[in-house]
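# Topology and contacts: notes
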Amino acid sequence: AERRRDRAALIMTATLQLVRQQIVTCERCPRLRTYCQRIGREKRRAYLTDTYWARPVPGFGDPEARLLIVGLAPAAHGANRTGRVFTGDGVGGSGDFLMAALHRAGFANLPTSQHVDDGLQLDGAFIAAAVRCAPPDNKPTPDEIARCLPHLDAELGALPHVRVVVALGRIGFDAYLQLTRQRGIVVRPRPVFGHGSLAHLPNGQTLLGCYHPSRQNTNTGRLTAPMMDDVFRVARRLSRR
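Residues numbered from 1 in each chain as written. Predicted model: local features only at pLDDT ≥ 70, side-chain atom pairs only at ≥ 80, totals over all residues. Heavy atoms only, no water.

### Remarks on the pairing of strand β3 (residues 125-129)
How we decide: Between buried and exposed lies partly exposed: a residue is buried under 20% and exposed over 50% of the maximum accessible area for its type, with that area taken using a 1.4 Å probe on protein chains only. Helix and strand definitions here come from DSSP, where helices need a minimum of 4 consecutive H or I residues and strands a minimum of 2 consecutive E residues; each element is numbered from the N-terminal end. A pair of strands is considered paired only if DSSP assigns at least 2 bridges between the two.
Counting buried positions along β3 yields 5 of 5 residues, so the element is predominantly enclosed. Bridging between strand β2 (residues 67-71) and β3 involves 5 bridges; their strand directions are parallel. Opposite leucine 67, over in β3, you have alanine 125 as the bridge partner.

### Structural notes on the side chain of arginine 33
The condition that has to hold: Neither His nor the chain ends contribute to the count of charged residues, in which Lys and Arg are positive and Asp and Glu negative. The salt bridge definition used is simple: a Lys or Arg side-chain nitrogen within 4 Å of an Asp or Glu carboxyl oxygen. Pairs of residues are marked as contacts when any of their non-hydrogen atoms sit within 4.5 Å.
By the secondary structure assignment, arginine 33 is in helix α2 (residues 30-42). Although arginine 33 is buried, it forms no salt bridge, and the closest oppositely charged side chain is glutamate 27 at an N-O distance of 4.0 Å. Discounting chain neighbours no more than four positions away, the residues touching arginine 33 are Cys26, Glu27, Ala54, Arg55, Pro56 and Cys133.

### Observations regarding the environment of valine 186
In this structure, valine 186 sits in the loop between α6 (170-182) and β5 (198-200). Relative accessible area serves as the criterion here: at 46%, valine 186 is assigned to the partly exposed category. Sequence-wise, valine 186 and proline 202 are 16 residues apart; in three dimensions their C-alpha atoms are separated by 7.7 Å.

### Some points on the nonpolar core
In plain terms, the rule: Side-chain atoms within 4.5 Å link the members of a nonpolar core, which is a set of buried Ala, Val, Leu, Ile, Met, Phe, Trp, Tyr and Cys residues.
Formed by 71 residues in total, the largest nonpolar core has its most connected members in Leu68, Leu102, Val166, Tyr176 and Phe232. With sequence-adjacent residues up to four places away left out, leucine 102 is seen in contact with Ile69, Phe107, Ala108, Leu122, Ile127 and Phe232.

### Concerning the environment of threonine 25
We count it as follows: Here a polar contact is recorded for every N or O atom pair within 3.5 Å, except that within protein the pair must consist of a potential hydrogen donor and a potential acceptor, and residues adjacent in sequence are included only if both atoms are side-chain atoms.
Summarising the element assignment, threonine 25 is placed in the loop between α1 (2-24) and α2. Note: C-alpha distance between threonine 25 and arginine 55 (30 residues apart in sequence) is 7.5 Å. There is a polar contact of 2.8 Å between the side chain of threonine 25 and the backbone oxygen of glutamine 21.

### Re helix α8 (residues 225-239)
Convention followed: Expected span of a helix: the number of residues minus one, times 1.5 Å.
Here α8 spans 21 Å end to end across 15 residues, near enough to the 21 Å set by a 1.5 Å rise per residue. Listed as buried for α8 are Met228, Asp229, Val231, Phe232, Ala235, Arg236, Leu238 and Ser239. Buried positions along α8 lie against β2, α4 (94-104), β4 (164-168), β5 and β6 (206-210).

Here it is in structure tokens:
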């Protein structure tokens, strides 16, 4: 039985690697690719000596995850620079806010996410995004979201143990519902996004809504650490079922 589990884990990891390669070489959205590459050339003053990733950003985490976290898109000088979701957007940025919550909930071994070589590991969780390229003004178009959705579908297909999905923000929430519809899973009545919203889907998964940990939300108090802890406490409980 142990040998079968090891073999299954290797297959899942190999599948995720193939999906990753498909994501990082994607050229489906010319506007986004042009923007990411321009940001990578111009850079921010604090990162002038950095080599920007400037490519689509794949998901990151545990191949055996029971929790999937769906964000919006890479930050122009965060994941678009580092190549890892929610990584490098500054001390106290959305990556640190999210990782601190995951750390407190037992899903992450570190409470920060600043560098790809920082030793961060996720246990039982995988972080993805609705859109894999940094969009201007953090606003992808509906067509760009639709063109990017197959990447989320492919990652989900390589994560057979997912039971709980936490959507960070309305775009991630709506994108995941759009994906479930494409998979033939009709949810009625349609779930409404809200912080702490909970919807049990016909496929056995539970979709949780959570405000996005953007500085706009965290600096204004719209999203606090205890509010995010509440969501991941529920996610932890449901993922153990």
